[in-house]
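Listed below are the residues making up each chain.
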Amino acid sequence: RDTFCSAACPVLHVMSIELEHAIGCNVEFKRICHIHPNGRDYLKAVGGVVIVGDLKDPHAQVFCQGHDDFVTCLAVSHAGQLFATGQQGENADVILWGFEGKTQLSCFQEQDHGIDALAFSHDDRFLIACGDIVDQRVFVYDTTSCLIVAWAALTPKPTLCVLGGGMVRDIKRRDTQEYQFAACGGKNICMWHLDPVRGELQPHQVGNAFKQVREYICLAFTQDKEYLLAGSTTGDVAVVLMKNRVVQTFVAVCGAGVVNIVCTPVDAGCRFVWEVAAGGDGTVTVLAGPTAVDIHEERQIRLDGPLSSLSLAPDHSEVLAVSTFGTACLIRSKDLSVRPHSQVSPGALYDVVHPANVSDHFLTCSGDSLVTLWDANDYTAKLRCSVGTRAYPLAACGTEDIFVAGATDGRLHCWDCSMGQKLWHIDNAHKGGATSVKLASNVRFVVSGGAEGEIRVWELKTREMVSTLKEHNGRVNDVKLFPNDQYAISVSRDRCLLTWDLRAEKRLTSHRERHGGINCLTVASNQTTVTTAGQEKTLTTWDLRMADPVRIIDLDEEVLSVASSSDDAFLATAGTGQVVKVWDVRNEQVAFSSLGAGHSRSIQKISFSPDAKQIVSVGLDHSIMVWNCYG
């Protein structure tokens, strides 16, 4: 909003930020992405945030925030009015959400350490929550009263999947008053019988008529609930007859474990079972047969990597498949034709930067070894370039034509921005890793900082080292170039802020923090004002012409990244506090302007777009957050 002053006082605009879009998905956890029963929306977890998005509109996202660590499991009610999430960590809570208002209805805090699986009963009346191997408890909650109905000791241990299975049936296959849930994990499959009147929850083991021993990781009921299908780590599906709770047969599916199964309805005219299975080897397989015992493979396709989630659309026409590589695809059920939906970075993120004078694209460095060029207009991955299988990128920089990255193995890499073609690489640029890279504005050389404190200048045409500057005694955390490309400035874990004359190959000035290392810096357009932050938990402003700091602001977190707007009016900071903070620095009394919460792990880097309309933040929670700036 605007702050109006008298005629003698200039008008000051207070900047506020709002979360516009989140890129990410907790693909390391199974069944974390679902198509909503309305057929239009999807739900997925990104770090500790649940995103409700539109399948057709990438800009339509609603953020549900309530967790403070990774969301490990996500369940959607059959009617679509509710969804539930569980997390890992110290506050291993289960949160029940209302879908219509995207609001938190209840937070269940009974369990500790982690939640491994959640499921709604067939009528959405109850929610079952299975704790991890440390917690070792199962709770059933009433979704209307939000009270505990029953609890029991965990079985199997661990429970990797739980599923609502309708009502328990008697010998004549008539429904009784007890609810049943199926659970699997390790070498066991268990049926939980819930008596909601007495508050009793009893386990019943599933028998095996064969000598084969399997480890089970996923479950699915046939539509008539007469058979239970269990996927195993050996790549086959066990078919369980619910009448006697005994495994009837095993059906081979894939070569690296069946991680997800979905079943479509049985045709009314003839008894026909049809299912889709997702494999750990990246395959999606259609199995069909006259009965569940007689199913066989009909068709199979292979995606880019092992699959973590498989969700069936309400009209059964397609499934949403998500791979551990971060690729989400919509697959037609009948012919297995694939339509790409979205792409995320599945690993922790260490750097984000906008290429020079480019506001609608940004680069990220991820722990999955990829440097990704993102299009901010539709949030798609324009290019994904790998630095190798044994390393991952730590820092990147770019122009409209090329981008350069430094990796943990000490190499520097360069790619073309149009096609992602590898142009060159430099081996052994830094021992222990290249921690910071900056391209000159004339694109004639690149400056890099290393883990052992050295700063090196490389000519792009010959890829030869022009000079090396070694005065830092610790890891170089950040390097910036001045607009004339002759001078550079660096900060290090050794507490020093140094400026350099690259042409003369000598240090010009030195400033030092008292106690802690410096993590980041930003340089104002006047080229004399520098703001740093680091382990001392302060935001320090320096005048390079003076020995002592101009201003020190005490903070409640260790700031890992700082960025300034192009007009020097605002600073953005982020770090271990997991929030993005915007500061108004236009007068001597620096004012806190706005705060953006969304990350659930430390934020490693933030970047202001050149037009100062957006801030992009990345963190160890595997998420990219795009914030709109107003004011």
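Residues numbered from 1 in each chain as written. Predicted model: local features only at pLDDT ≥ 70, side-chain atom pairs only at ≥ 80, totals over all residues. Heavy atoms only, no water.

## Quick look at the pattern of salt bridges
Note on pairing: side chains with opposite charge can pair once their charged atoms come close. This is how it is decided: Just to be clear on terms, a salt bridge is a Lys or Arg side-chain nitrogen sitting within 4 Å of an Asp or Glu carboxyl oxygen. Working definition: helices are DSSP H or I runs of at least four residues, strands are E runs of at least two. Numbering for both runs from the N terminus. Between buried and exposed lies partly exposed: a residue is buried under 20% and exposed over 50% of the maximum accessible area for its type, with that area taken using a 1.4 Å probe on protein chains only.
For the structure on display, the rule yields 19 salt bridges. The shortest N-O distance in the salt bridge between Glu226 and Arg169 comes to 2.6 Å. One end of the pair, Glu226, is in the loop between β21 (216–221) and β22 (227–232); the other, Arg169, is in strand β16 (residues 161–169), with 57 residues separating them in the sequence. With a relative accessible area of 16%, Glu226 lands in the buried category. The class of Arg169 is partly exposed, set by a relative accessible area of 25%. The partner of Glu318 in a salt bridge is Arg339, with the nearest N and O atoms 3.4 Å apart.

## Thoughts on the packing of aromatic side chains
Convention followed: Pairing of aromatic rings covers Phe, Tyr and Trp, the last through its six-membered ring, and needs centres within 6.5 Å; plane angles under 30 degrees mean stacked, over 60 mean edge-to-face, and all others mean tilted. We call a charge positioned over a ring when the NZ of a Lys or the CZ of an Arg lies within 6 Å of the ring centre and within 35 degrees of the ring normal.
Tallied over the entire structure, the rule returns 10 aromatic pairs. With a centroid separation of 5.9 Å and an interplanar angle of 5°, the aromatic rings of Phe83 and Trp97 are classed as stacked. Placement of the pair is Phe83 in strand β9 (residues 82–89) and Trp97 in strand β10 (residues 94–98), with a sequence separation of 14 residues. Residue Phe83 is classed as buried on the basis of its relative accessible area, which comes to 0%. Here Phe482 and Tyr487 contribute two aromatic rings whose centre-to-centre distance is 6.5 Å and whose plane-to-plane angle is 90°, an arrangement assigned as edge-to-face. Using a relative accessible area of 28% as the deciding quantity, one classes Tyr487 as partly exposed. Feature note: the residues Phe108, Phe139, Tyr141 and Trp151 constitute an aromatic cluster, connected by ring pairs. The ring of Phe99 has Lys102 sitting right over it, with the charged end atom 4.2 Å from the ring centre. Positioned above the aromatic ring of Phe250 is the side chain of Arg214, whose terminal nitrogen or guanidinium carbon lies 4.8 Å from the ring centre.

## Description of the sheet that holds strand β18 (residues 188–195)
Cut-off, in case you're wondering: Only strands that DSSP links by at least two bridges are regarded as paired with each other. Axes here mean lines fitted to C-alpha atoms, for a helix over just the part in contact, with angles spanning 0 to 180 degrees between N-to-C directions.
A sheet is described by the order of its strands in space; here four strands give the open sequence β16-β17-β18-β19, paired in antiparallel fashion. Two strands bound the open sheet, and with one partner strand each, they are β16 and β19 (200–205). Taken over all neighbouring pairs, the strand axes of this sheet differ in orientation by 25° on average, direction set aside. Bridging between strand β17 (residues 175–185) and β18 involves seven bridges; their strand directions are antiparallel. Residue Cys184 lies in a different strand from β18, and its bridge partner there is Ile189.

## Comments concerning the state of the cysteines
Test applied: By disulfide we mean two sulfur atoms from cysteines, separated by a distance within 2.5 Å.
Across all of its chains, the model carries zero disulfides by this definition. With no disulfide of its own, Cys146 has Cys107 as its nearest cysteine by sulfur position, at a separation of 11 Å. The cysteine Cys263 is free of any disulfide, with Cys218 supplying the nearest cysteine sulfur at 10 Å. Residue Cys263 is classed as buried on the basis of its relative accessible area of 8%.

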